[in-house]
Amino acid sequence: AVVSTQSTGKDLQAKTWCNLALSELKGGKLAGGIQAVNRALEIEPRNTKALYRKGKLLEQKGELEEAEKALKQAVSIEPGSQGCKQFLKELSKKIANQKKKQQQMYKKMLNLEEEEKEKKVTGFGEKETTWLEGAIPMVAGAVTVGALAIAAYNGFKSLQG
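As the structure is a computational prediction, the values presented were derived from the model and not from experiment.

A. A look at the overall build of the chain. Each helix and strand counted, the chain has six helices and zero strands in total. Going residue by residue from the N terminus, the α and β elements of the chain occur as α-α-α-α-α-α. Taking as baseline every contact in the chain between residues at least 6 positions apart, the subset at least 24 positions apart corresponds to 48%.

Rendered as structure tokens:
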């Protein structure tokens with residue numbers, strides 16, 4: 001009789017933690033929900049409802065791979081659970097879409113870098129200069145012309161003088 005009472009008590013605790021997790025999920029309190037569902041799973045590690053809710057909480061948090069792990073575990077425990085199977089299918093699609101978007105983003109980034117490199121090369125195969133690279137020789141030329149003009153003026157003055 002003691003074993004069944006203890007078993008019922010643990011079952012009740014797991015259900016309570018699981019219900020708290022659901023409440024936290026609905027209230028948008030993801031961290032509290034994850035703590036509650038983890039407590040339920042400490043008591044009953046094979047509780048598919050807790051694993052399902054953990055998946056939902058992790059999905060909302062943006063941790064899709066972790067959510068998928070929880071759902072795969074739930075489906076392995078209860079292969080006939082249509083809710084878990086459907087959610088796992090949805091998660092797998094989201095993860096695939098997320099990876100596809102990341103790949104496209106990285107591809108765009110890499111293409112932009114390639115385009116920037118290509119822009120720096122002119123049609124003649126010479127490197128296109130930046131404004132600073134073009135300004136330095138102009139300033140140096142202006143200084144040289146100015147120095148020559150001053151020298152010529154000073155030389156002209158000394159001849160007159």
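Here the narrative resumes.
B. Region of interest: the environment of Gln60. Note that Gln60 resides in helix H3 (residues 48-61). Taking the C-alpha atoms as reference, Gln60 lies 7.5 Å from Leu30; in sequence the two are 30 residues apart. Ignoring anything within four residues of it in the chain, the contact list for Gln60 reads Leu25 and Leu30.

C. The arrangement of the nonpolar core in detail. Ala50, Leu57, Leu71 and Leu91 are the most contacted members of the largest nonpolar core, which totals 24 residues. Within the residue set of this core, elements represented by two or more residues are helix H1 (2-26), helix H2 (30-43), H3, helix H4 (64-77) and helix H5 (82-119). Apart from the residues within four sequence positions on either side, Ala50 is in contact with Cys18, Val37, Ala40 and Leu41.

D. Broad picture of H4. Helix length check: H4 (14 residues) gives 20 Å between terminal C-alpha atoms against 20 Å at 1.5 Å per residue, within 8%. For H4, the complete set of buried residues consists of Leu64, Ala67, Glu68, Ala70, Leu71, Ala74, Val75 and Ile77.

E. Structural detail: the pattern of salt bridges. One pass over the structure, following the stated rule, counts five salt bridges. One salt bridge in this structure joins Arg39 and Glu42, with 3.9 Å as the shortest N-O distance. A residue pair is termed a helical-turn pair when its members lie 3 or 4 positions apart in one helix, as Arg39 and Glu42 do in helix H2 at three residues. On the accessibility criterion, Arg39 (40% relative accessible area) is partly exposed.

F. Layout of the side chain of Asn47. In this fold, Asn47 is placed in the loop between H2 and H3. At 3.0 Å, the side chain of Asn47 and the backbone nitrogen of Lys49 are in polar contact. Among residues more than four places away in sequence, those in contact with Asn47 are Ala14 and Leu41.

G. Quick peek at the packing of aromatic side chains. Following the criterion strictly, the structure yields one aromatic pair and no others. The ring of Phe87 is capped by Lys56, whose NZ or CZ atom sits 4.2 Å from the centre of that ring.

What counts, and where the lines are drawn
Residues numbered from 1 in each chain as written. Predicted model: local features only at pLDDT ≥ 70, side-chain atom pairs only at ≥ 80, totals over all residues. Heavy atoms only, no water. Helix = DSSP H or I, 4+ residues; strand = E, 2+ residues; numbered from the N terminus. Contact = heavy atoms within 4.5 Å. Core = buried A, V, L, I, M, F, W, Y, C linked by side-chain atoms within 4.5 Å. Buried < 20%, exposed > 50% of the residue type's maximum accessible area, 1.4 Å probe, protein only. Expected span 1.5 Å × (residues − 1). Salt bridge = Lys/Arg side-chain N within 4 Å of Asp/Glu carboxyl O. Polar contact = N/O pair within 3.5 Å; in protein donor to acceptor, adjacent residues only side chain to side chain. Phe/Tyr/Trp six-rings, centres within 6.5 Å; stacked < 30°, edge-to-face > 60°. Lys NZ or Arg CZ within 6 Å of the ring centre and 35° of its normal.

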